[in-house]
Amino acid sequence: GENVEQHPSTLSVQEGDSAVIKCTYSDSASNYFPWYKQELGKGPQLIIDIRSNVGEKKDQRIAVTLNKTAKHFSLHITETQPEDSAVYFCAASYGFKTIFGAGTRLFVKA
Amino acid sequence: GAVVSQHPSRVICKSGTSVKIECRSLDFQATTMFWYRQFPKQSLMLMATSNEGSKATYEQGVEKDKFLINHASLTLSTLTVASAHPEDSSFYICSALGGQWTEAFFGQGTRLTVV
C-alpha cells in the first residue's frame, strides 16, 4: 500500500544550526504535502505546506522542497531555537487521503 | 488558519464505560471530519472519515461498533468509544476540512485513559 517514509526519527542540533528532515512517498497521485509540528500532549499544527506544482516554498526560517520525479520532499529549519523542539510529521495527500510519516523528534540544545 | 476545538482534552474512565469526544469547527463549516488515533511515540493512524449527514467510512481494522462516529452538523462531529477497555487508551485527534479551506485543521487532541 501507499506509505510515507520519514528520516531521521530523532535529530539533535545545537541552537542556531539548521535542521533537515526528509520524506519519501510512494503514491504518485499525491499532490499536497503538509508538514506538522506536534508538541507534547497537543494536536499537530500545520507549519508549512507545498503543492505539487511548486518546487520550493519558504516562510521565514522554514522552507520546504519537493522533487516530484524522485518523490522526495524535505523540511529545512534554519537558525533553530529551543522552542523548535517538537515532533515533526510530514504527510502526502491526494483528495481526502492523507498518509503521515512516522515523525521526527527534534531536540534543539541551547 | 481555521480553528478546530476538541473536548475534553483529557478523560479517565473505568473499563466498560463509554466515552464521548467532541470535535467542533469554530469558524468554518466542516463538510468532512477525520478521526485519528496516536499511540505514544508513533504517527497518526486514520480511524475514520465522516461527511456531514452521512455514515462514517472506517479504515480497515477499526471496529465501527466500538468507535461510533456521528457528524450530525457542519460544525460538530463526535467519537464515542463504547465499552472502553485499557487497550483503547490512546491520544485521539480529529481534523476538519471545509469552507474556504483546502487543507484540514487539527484539534488539540484527547488523551483517553481507561483504568
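Residues numbered from 1 in each chain as written. Chains lettered and ligands numbered in written order. Predicted model: local features only at pLDDT ≥ 70, side-chain atom pairs only at ≥ 80, totals over all residues. Heavy atoms only, no water.

## Thoughts on the nonpolar core
Counting residues in each nonpolar core, the largest one holds 25 residues, and the members touching the most others are Val4(B), Trp35(B), Leu79(B), Tyr92(B) and Leu112(B). Only strand 2 (10-13), strand 3 (19-25), strand 4 (30-38), strand 5 (45-51), strand 7 (67-73), strand 8 (76-81), strand 9 (90-98) and strand 11 (110-114) of chain B provide two or more residues apiece to this core. Counting residues in hydrophobic clusters, the runner-up holds 24 residues, among them Ala19(A), Ile77(A), Leu106(A) and Val108(A). (Core = buried A, V, L, I, M, F, W, Y, C linked by side-chain atoms within 4.5 Å. Buried < 20%, exposed > 50% of the residue type's maximum accessible area, 1.4 Å probe, protein only. Helix = DSSP H or I, 4+ residues; strand = E, 2+ residues; numbered from the N terminus.)

## Description of the pattern of salt bridges
All names here are of chain A. Throughout the structure, instances matching the rule amount to 8 salt bridges over all chains. Aspartate 49 is the salt-bridge partner of lysine 57, the closest N and O atoms lying 2.8 Å from each other. Each of the salt bridges in this network shares a partner with another, and the network as a whole consists of Lys37, Glu39 and Lys42. (Salt bridge = Lys/Arg side-chain N within 4 Å of Asp/Glu carboxyl O.)

## Considering the interface of chain A and chain B
Listed by partner, the interface residues are 17 residues for chain A and 19 residues for chain B. A combined buried area of about 1300 Å² lies between chain A and chain B, and 60% of that area is made up of carbon and sulfur atoms. A per-residue breakdown of the area chain A buries against chain B is headed by Pro44(A), Phe96(A) and Phe100(A), which together make up 40% of the total. The tally of links from chain A across to chain B stands at 1 salt bridge. Taking the shortest distance from any N to any O, the salt bridge between Arg51(A) and Glu103(B) comes out at 3.8 Å. On the surface where chain A and chain B come into contact, there are 3 residue pairs in polar contact (both at pLDDT 80 or more). Those elements that place two or more of their residues in the side of chain A that touches chain B are strand 4 (32-38), strand 5 (45-51) and strand 10 (97-100) of chain A. Residue composition of the side of chain A that touches chain B, by class: 8 nonpolar, 5 polar and 4 charged. (Contact = heavy atoms within 4.5 Å. Buried area = accessible area lost by both parts, 1.4 Å probe. Polar contact = N/O pair within 3.5 Å; in protein donor to acceptor, adjacent residues only side chain to side chain. Nonpolar A, V, L, I, M, F, W, Y, C, P; charged D, E, K, R; others polar.)

## So, the packing of aromatic side chains
Residue and element names in this part refer to chain A. Here the structure, examined in full by the defined rule, presents 10 aromatic pairs over all chains. Between phenylalanine 33 and phenylalanine 73 the ring centres are 4.9 Å apart and the planes differ by 50°, which places this aromatic pair in the tilted class. Taken together, the residues span a long stretch of sequence, with phenylalanine 33 in strand 4 and phenylalanine 73 in strand 8 (residues 72-77) at a distance of 40 residues. Residue classification places phenylalanine 33 among the buried residues on the basis of a relative accessible area of 0%. When its relative accessible area of 0% is taken as the criterion, phenylalanine 73 is described as buried. One aromatic cluster in this structure is built from Tyr25, Phe33, Trp35 and Phe73. (Phe/Tyr/Trp six-rings, centres within 6.5 Å; stacked < 30°, edge-to-face > 60°.)

## Observations concerning the environment of Asn3(A)
Note that Asn3(A) resides in the segment before strand 1 (4-7). Here Asn3(A) falls in the partly exposed class, since its relative accessible area comes to 33%.

## A word on the sheet that holds strand 8 of chain B
Residue and element names in this part refer to chain B. Strand order across the open sheet formed by 4 strands is 1-3-8-7, with antiparallel pairing between neighbours. Each edge of the open sheet is held by one strand with a lone partner, namely strand 1 (4-7) and strand 7. Going from strand to strand, the sheet's axes swing by 15° on average, the running direction of each strand aside. Relative to strand 8, strand 7 is paired through 5 bridges, and the arrangement is antiparallel. Residue pairing across strands places leucine 68 opposite threonine 80, the latter belonging to strand 8. (Pairing = 2+ DSSP bridges. Axes fitted to C-alpha atoms, helices over the stretch in contact; angles between N-to-C directions.)

## Side note on the side chain of Ser50(B)
Residue and element names in this part refer to chain B. With respect to the element layout, serine 50 can be found in strand 5. Side-chain polar atoms of serine 50 contact the side chain of histidine 71, separated by 2.9 Å. For serine 50, the contacting residues outside a window of four places in its chain are Thr31, Thr32, Met33, Ala56, Ile69, His71 and Ser77.

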